[in-house]
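# Secondary and tertiary structure notes
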Amino acid sequence: MAIMTRDFNAVDLSDPKAAALAVKRKALELGADAVGIGNIDRWEGAPLQMDPKQIMPECKSIIGMVFRVERGSLRGVEEGTYMSNYSAMGYGGITYLYMPMTVINLSKFIEDQGYEAIPMGHQSDWRGIDNEGYALPKFSRPARPGQAQPDVMIQLRIAAYLCGLGEIGFSKMFLSPQFGPRCRVGIIMTDVELEPDPIYDGPQLCNRCMACVKACPAQAFSTEKTIKVKLAGHDVEWSDLDMAKCSYAFRGCKDSGVVQDDPYNPPSPTSVPGEWSPFYHKPKNLYKTGQAVCGSRGCTRACMISLENRGVLQNTFKEKFRRRPVWNIDWSTPPEYAPGTKFRNSDDEGID
Ligand code: SF4
Ligand code: SF4
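### So, the environment of Asn131
Along the chain, Asn131 turns up in the loop between strand S3 (117-120) and helix H5 (156-162). A tally of 12 C-beta atoms within 10 Å means that Asn131 is categorised as exposed. Sequence spacing of Asn131 and Met243 is 112 residues, and the spatial spacing of their C-alpha atoms is 7.6 Å.

### Quick look at the sheet that holds strand S6 (residues 183-190)
Adjacent strands of a sheet pair through backbone hydrogen bonds, lying either parallel or antiparallel. Pairing within the open sheet is antiparallel, and its 4 strands lie in the order S1-S2-S6-S3. Among the strands making up the open sheet, the edge pair consists of strand S1 (34-39) and S3. The mean angle between the axes of side-by-side strands here comes to 20°, regardless of whether they run parallel or antiparallel. As defined by bridge partners, strand S2 (residues 61-68) adjoins S6 across 8 bridges and the pair is classed as antiparallel. Each residue of the ladder has a partner; that of Ile63, found in S6, is Ile188. Helix H1 (residues 16-29) contacts S1 and S2 of the sheet and is inclined by roughly 145° relative to S1. Those strands touched by helix H4 (residues 84-112) are S2, S3 and S6, and its axis lies near 25° from that of S6.

### Some points on the site of ligand 1
Near ligand 1 there are 14 residues, and of these Gly169, Cys206, Cys209, Cys212 and Cys303 occur at the shortest range. At the level of elements, helix H6 (211-215) and helix H8 (297-310) are the ones that each hand at least two residues to the shell around ligand 1. Broken down by class, the residue content of the shell around ligand 1 amounts to 9 nonpolar, 4 polar and 1 charged.

### A look at the site of ligand 2
Near ligand 2 you find Cys216, Pro217, Ala218, Ala220, Cys246, Ala249, Phe250, Cys294, Ser296, Arg297, Gly298 and Cys299, and these make up its full shell. For the shell around ligand 2, the elements supplying multiple residues, two or more each, are helix H7 (243-249) and H8. With 3 residues, the single largest contributor to the shell around ligand 2 is H8. Partitioned by chemical class, the residues of the shell around ligand 2 number 9 nonpolar, 2 polar and 1 charged.

### Considerations on the environment of Pro47
Its location among the elements puts Pro47 in the loop between S1 and helix H2 (52-55). C-alpha separation for the pair Pro47 and Ser140, spaced 93 residues apart in sequence, amounts to 17 Å.

### Things to note about the nonpolar core
Within the largest apolar cluster, 85 residues are counted, with the highest numbers of intra-cluster contacts made by Ile63, Met65, Val66, Ala159, Ile187 and Cys212. No other element matches H4, which puts 8 residues into this core. The contacts of Ile63, once residues within four sequence positions are left out, are Val23, Ala27, Val35, Ile37, Ile187, Ile188 and Thr190.

### Comments concerning H8
Relative to the 20 Å expected for 14 residues at 1.5 Å per residue, H8 spans 18 Å between its end C-alpha atoms, a close match to the ideal helical length. All of the buried residues in H8 are Arg297, Gly298, Cys299, Thr300, Arg301, Ala302, Cys303, Met304 and Leu307. Buried residues belonging to H8 abut helix H3 (75-79) and H6. Within two residues after H8, Gly311 carries a phi angle of roughly 70°, on the positive side.

### A word on the pairing of S2
The element S2 is largely enclosed, with a buried count of 7 among its 8 residues. Taken together, the 6 bridges between S1 and S2 define a ladder with antiparallel strand orientation. When the bridges of S2 are listed, Ala34 appears paired with Val66.

The rules behind the values
Residues numbered from 1 in each chain as written. Chains lettered and ligands numbered in written order. Predicted model: local features only at pLDDT ≥ 70, side-chain atom pairs only at ≥ 80, totals over all residues. Helix = DSSP H or I, 4+ residues; strand = E, 2+ residues; numbered from the N terminus. Buried ≥ 20, exposed ≤ 12 C-beta atoms within 10 Å, placed from the backbone. Pairing = 2+ DSSP bridges. Axes fitted to C-alpha atoms, helices over the stretch in contact; angles between N-to-C directions. Contact = placed C-beta atoms within 7 Å. Near = placed C-beta within 6 Å. Nonpolar A, V, L, I, M, F, W, Y, C, P; charged D, E, K, R; others polar. Core = buried A, V, L, I, M, F, W, Y, C linked by C-beta atoms within 7 Å. Expected span 1.5 Å × (residues − 1).

This is how it looks when you write it as structure tokens:
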């Protein structure tokens, strides 16, 4: 019995149209929920540290894939009873487990046919720029003179837009016509020439309803200051989101302004739990990055509800998402436990 291996060069990818079809079918088979293609020319003029050609100078096409966040993974956070599910299954698990498997397997399919493919299922944690695009001092230096310093960061939401997969909403979230903001994005850079898809021109998704702005516990969205960019000749605009405010509040932190004896999140000595966190302390990360205690109240849940109410999403449901009033914790009052809650002894309640 001889060893067995994969079939190499079994699929001819030399015709861009046929190759695009083969790659898209494979992407869906491997677990992507939507797939689109952008030709590399659409990244012309990208900032140096975000330019795909800095990573792969011979790149001809970028394959963008949408991975849905299951609406059910937001249920526990909506009800306030199973908060970890969104952070694990809808956030870290997709980003660090499911998406890498799909983009790696699709890249293997392309490489089996003799073309190079770079799987990218997450933003590089080694990126050489901060959230505002400024180079990190004393972090890395160009490996060759005149090159970008490692790591280059391909903006995944912009990539999804340039692959024709949907819009960038006022919230800066990528919105797909299938799932609205319930999306994570993975991409593959490749030197195969693939027929590109047009930039999204379907039913308008973001109608500036501002539901995201109103429901964000961090009040992180500016309605006056926006970011305007031109992407492949199209004007795109989103709110100048205050990332520092978001990253503080999305973990459930509220700033008390006073150093706490027992802070909610010890790296932030003045932090206390916000009304949007039922935890006494920030719970640990799940799958590395999952710590979305706010359950994306504004940018995902409120936006999704708004889009579903307008009937613009393809993934429709028999029942509406919000079925009970939004919960908020009043931390100045003692907890009211349900009948049947059992503590080992009364001190375990943690009430002073
Ligand atoms: S909530 Fe409304 S304004 Fe905000 S991104 Fe969604 S559709 Fe746009
Ligand atoms: S993750 Fe939470 S805090 Fe951050 S923008 Fe979305 S709703 Fe606001």
